[in-house]
Amino acid sequence: MIFTLSENLKEIEEFELNQYTNGNVFLTDTEHCEEYMHLAEMEYEGEIRLSEVGFTRIESQQECLYGSLFIPKLSDILGPRYKIIFFVNGENVVLIDDTNFSYRLIQRIKKRKNLSDMTKERFLCFFLTQFMRRDQQVLTRYERKLMQMEEDLAEGNIEDFQEQLMPIRRELLTLRTYYDEVMDMGKELEENENYFFPHDQVKYLGTIPDRADRLMSKTSHIINYAQLVRDAYQSEMDKKQNSSMGVLTVVSAIFMPLNLITGWFGMNFVNMPGLENGYPFIIGLCVAVVVFMIILFKKKKLL
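Everything numeric here is computed off the predicted structure, so don't read it as measured data. (Residues numbered from 1 in each chain as written. Predicted model: local features only at pLDDT ≥ 70, side-chain atom pairs only at ≥ 80, totals over all residues. Heavy atoms only, no water.)

Draft legend 1. View of the pattern of salt bridges. Scanning the entire structure with this criterion turns up five salt bridges. In this structure, the salt-bridge partner of Arg57 is Glu59, at a minimum N-O distance of 2.8 Å. Residue classification places Glu59 among the partly exposed residues on the basis of a relative accessible area of 25%. Connected via shared salt-bridge partners are Glu47, Arg49 and Glu52. (Salt bridge = Lys/Arg side-chain N within 4 Å of Asp/Glu carboxyl O. Buried < 20%, exposed > 50% of the residue type's maximum accessible area, 1.4 Å probe, protein only.)

Okay, here's the thing in structure tokens:
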């Protein structure tokens, strides 16, 4: 396999060429993509624009397969993403990337795999799974974070709980959608509709949807766990609200008979009993009512 680096990327580091007869991999950018598409003997009917990449997907053309990768950055999942376009035909692979992300992925693959005896199918497998290599660790960190939040909730530490949980849920939902797209792309590659891949090499492509499926299942599990943690938080908030409402109910119940008494004796009818020298009696009656209500609520365990 021959790896060819576009002129603009050679400034990064001298690219080692590994020769093999089963195809070539061309790495370039949008400015030089037409030149390398011509070298790879590929034709694409549309216009190649990395700025318009918004999904991870693949589509079949008559002369080649066209794929786009819209990869979240693990350090900022909700932020800007890596964008890559790739083309595949019976012999060659063309990668188009305006950053050095693809170059770094290939360098990682070179450290772990022997590229001299690699087919384009194995290369696609390693390349498309390389950027998911650390995702399992990231998902595990999300799970541990939610477990810590659940423990804090059990201890009554709920300050800024919603502010912590909402970004986690959004990031997990973003990752789940991304893994779903990768899984669909891998399945379409595995179907080999245009027979660009030899039958005995298609098995390598099956690794892509398998890994994406495992990651999506893990993400869905963590999302469900996050929902349980959120429900526990809501239950705790409901308890606090019910406790506050209970206190208000008790206070209202205590003052209702007092309002009745003061309202009754505040009418000042001429023939009202206790109108003269009745102030101490009213005070004593009010105190007795308050004591009685407190004793009653304590027996009912409302205080």
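Draft legend 2. Here's a closer look at helix 8 (residues 279-299). Spanning 21 residues, helix 8 covers 31 Å between terminal C-alpha atoms, matching the ideal 30 Å at 1.5 Å per step. Listed as buried for helix 8 are Ile282, Cys286, Val289, Met293 and Phe297. Projected down its long axis, helix 8 carries its buried residues within an arc of 60 degrees, all on one side. Structural note: helix 8 exposes Pro280, Phe281, Phe292, Lys298 and Lys299 on the side pointing more than 90 degrees away from its buried face. Phi turns positive, to about 60 degrees, at Lys301, one or two residues after helix 8. (Helix = DSSP H or I, 4+ residues; strand = E, 2+ residues; numbered from the N terminus. Expected span 1.5 Å × (residues − 1). Arc of directions from axis to C-beta.)

Draft legend 3. Just the confidence of the model for the protein, in detail. Averaged over every residue, the pLDDT of the protein is 83; residues scoring 70 or more account for 86%. Scored below 50 in pLDDT, residues 10-22 shows 35 contacts in the model against residues more than four places distant or in partner chains. (pLDDT = per-residue confidence, 0-100. Contact = heavy atoms within 4.5 Å.)

Draft legend 4. Up close: the packing of helix 4 (residues 135-154) against helix 5 (residues 161-191). Look at helix 4 against helix 5: their axes get within 12 Å of each other, and the N-to-C directions meet at 155 degrees. By the angle between their axes, helix 4 is roughly antiparallel relative to helix 5. At the point where helix 4 passes helix 5, the crossing takes the left-handed sense. The segment helix 4 lies against helix 5, with Asp135, Leu139, Tyr142, Lys145, Leu146, Met149 and Leu153 engaging Phe161, Gln164, Leu165, Ile168, Glu171, Leu172, Leu175, Tyr178 and Tyr179. A per-class count over the contact of helix 4 with helix 5 returns twelve nonpolar, one polar and three charged. (Axes fitted to C-alpha atoms, helices over the stretch in contact; angles between N-to-C directions. Parallel < 35°, antiparallel > 145°, perpendicular 65-115°, else oblique. Left-handed = near helix turned anticlockwise from the far one by under 90°. Nonpolar A, V, L, I, M, F, W, Y, C, P; charged D, E, K, R; others polar.)

Draft legend 5. Structural detail: unusual backbone geometry. The residue Glu41 is not glycine, and still its phi comes out positive at about 60 degrees. Looking at the secondary structure, you find Glu41 in the loop between helix 1 (33-39) and strand 3 (57-60). Notably, Tyr195 is not glycine yet its phi reads approximately 60 degrees, a positive angle. Within the secondary structure, Tyr195 is located in the loop between helix 5 and helix 6 (202-205). By relative accessible area, Tyr195 is classed as exposed at 70%.

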